[in-house]
Amino acid sequence: MAQGAGAHGTALFNTSATSMRVISSASLDDLSQKMLEEGWINRNTRAAKLLTIDHHGFIDEADYFTEDDYNTQPIFTEVMKPLGYGFGTSTFITSPSGDRMIFAVEKKKRTGPVTPAAIGYLDQLRPHLARAAMMSSRLEFERIKAAVEALQLSGLPSAVLNREGRVLGTNQLLQEMAPQIAIGGYDSLYFHHAAANRLLAEGLAQRRVHGSLASRSFPLPQVEQHPPAVVHIVAVEGNARDIFTNAAALLVVTPIDRTRVPTAETIQGLYDLTPAEAKIARALAAGNNVVSAALQMSVSPETVRTHVKAILSKSGMSRQADFIAAIASIRSI
């Protein structure tokens, strides 16, 4: 596209209510790097204005931005201008899935303005770009659907969440866990257990601030007929250049069935635990807390905590919830 229009490179931005994702020509690496590293990707006033232009074709941005804009607006003075970029040509396309995409063909200022011939060439491509974007977006939803259905076959309730915690896809097993886990307004996922909501929110906030999400596990207590469970949050990092999904995490739930927790002997062999440590590990994996495990083992809570420290050290895990999640995912033969 850039070569055909006599430009330097092309970028594709996919915007949403709270984020913007981008893929671009290698020739625009200097611009992409600056936009991402300095946070301009989410405060791009140029892109915001382009999304308001009601024109079903490529536009010459010089018709919508003035030289005064170029010399005063921060997106130009601090990003475009220092790197030698001038006004380019762009168009935006809205897909049936709600994605709003900007195709921006960037020019270096020294190469002169966008020509009518360049815009005519790009306008011939626009219908094909729209179809390709729609297909890519649709394929991503099919990938999400396939993932949660595969986990359904494994007997695992699951959902795919975006970075705001909204559900992009879920399977029937998770839907049947209400009210222990429920999907509320605006496709938001809620736990009956308040602490679990806080842990999920903290993880998603980490994703928004730091750009990554540390995978984690945490327990859910029993609610009505639903047994205790362990929630696993697995980061969806994927390809950094995949802009057709806002998926941030895969949520998988492992219900704790006391009759299916591995034997103490199995746990002992897996983690090289002492017999006492293995019994306590199994009690915790079966849904007991430290106090109830102490009562069951006829020892003090302090003794249980001492054993838990040894268990975590031997298993190489830093949190009790992570160890319980690992044990809960094992199925005895």
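A brief structural summary. (Residues numbered from 1 in each chain as written. Predicted model: local features only at pLDDT ≥ 70, side-chain atom pairs only at ≥ 80, totals over all residues. Heavy atoms only, no water.)

Moving on, we come to the overall build of the chain. Across its full length, the chain holds 12 helices and 12 strands. Scored against the burial criterion, the 333 residues of the chain give a buried share of 45%. Contacts spanning at least 24 positions in sequence make up 57% of the contacts within the chain whose residues lie at least 6 apart. In the structure as shown, the chain presents an accessible area of about 16,600 Å², 56% of it carried by carbon and sulfur atoms. (Helix = DSSP H or I, 4+ residues; strand = E, 2+ residues; numbered from the N terminus. Buried < 20%, exposed > 50% of the residue type's maximum accessible area, 1.4 Å probe, protein only. Contact = heavy atoms within 4.5 Å. Areas by Shrake-Rupley, 256 points an atom, 1.4 Å probe, with all protein chains shown as cover.)

For a regular strand, the rule is simple: side chains alternate between the two faces of the sheet. The element strand β11 (residues 229–235) is largely enclosed, with a buried count of 6 among its 7 residues. Two strands pair when backbone bridges link them, and β11 and strand β12 (residues 247–255) are joined in this way by 7 bridges, in the antiparallel orientation. From the neighbouring strand, Ile 233 faces β12, where its bridge partner is Leu 251. (Pairing = 2+ DSSP bridges.)

What the rule picks out here adds up to 8 salt bridges. A salt bridge links Glu 67 to Lys 109; the nearest nitrogen and oxygen atoms lie 3.7 Å apart. Residue Glu 67 is found in helix α3 (residues 67–72), and its partner Lys 109 is found in the loop between β5 (100–106) and α5 (116–153); the two are separated by 42 residues along the sequence. Residue classification places Lys 109 among the partly exposed residues on the basis of a relative accessible area of 42%. Residues joined by salt bridges that share partners form a network here, namely Arg 46, Glu 61 and Glu 106. (Salt bridge = Lys/Arg side-chain N within 4 Å of Asp/Glu carboxyl O.)

So, on to the packing of aromatic side chains. Scanning all chains against the criterion turns up 5 aromatic pairs. A ring pair is formed by Phe 65 and Phe 87, whose centres lie 6.1 Å apart and whose planes are at 15°; its orientation type is stacked. Taken together, the residues span a long stretch of sequence, with Phe 65 in the loop between β3 (59–60) and α3 and Phe 87 in the loop between α4 (74–80) and β4 (89–94) at a distance of 22 residues. Neither Phe 65 nor Phe 87 differs from the other in exposure class; each is buried. Between Tyr 70 and Phe 76, the ring centres sit 5.7 Å apart and the planes meet at 45°, which makes this aromatic pair tilted. Taken as a pair, Tyr 70 and Phe 76 share a single burial class, namely buried. One aromatic cluster in this structure is built from Phe 65, Tyr 70, Phe 76 and Phe 87. Looking at Arg 43, its charged tip hangs above the ring of Trp 40, at a distance of 4.1 Å from the centre. Between Lys 49 and the ring centre of Phe 65, over which it is positioned, the NZ or CZ distance is 4.8 Å. (Phe/Tyr/Trp six-rings, centres within 6.5 Å; stacked < 30°, edge-to-face > 60°. Lys NZ or Arg CZ within 6 Å of the ring centre and 35° of its normal.)

We now examine the packing of helix α9 (residues 275–285) against helix α11 (residues 301–315). Contact geometry for α9 and α11: axes closest at 10 Å, N-to-C directions at 95°. In terms of orientation, α9 and α11 fall into the roughly perpendicular class. The residues of α11 that touch α9, namely those facing Ala 276, Glu 277, Ile 280, Ala 281 and Leu 284, are Val 304, His 307, Val 308, Ala 310, Ile 311 and Lys 314. Each residue belonging to the contact of α9 with α11 can be placed in one class, and the counts come to 8 nonpolar, 1 polar and 2 charged. (Axes fitted to C-alpha atoms, helices over the stretch in contact; angles between N-to-C directions. Parallel < 35°, antiparallel > 145°, perpendicular 65-115°, else oblique. Nonpolar A, V, L, I, M, F, W, Y, C, P; charged D, E, K, R; others polar.)

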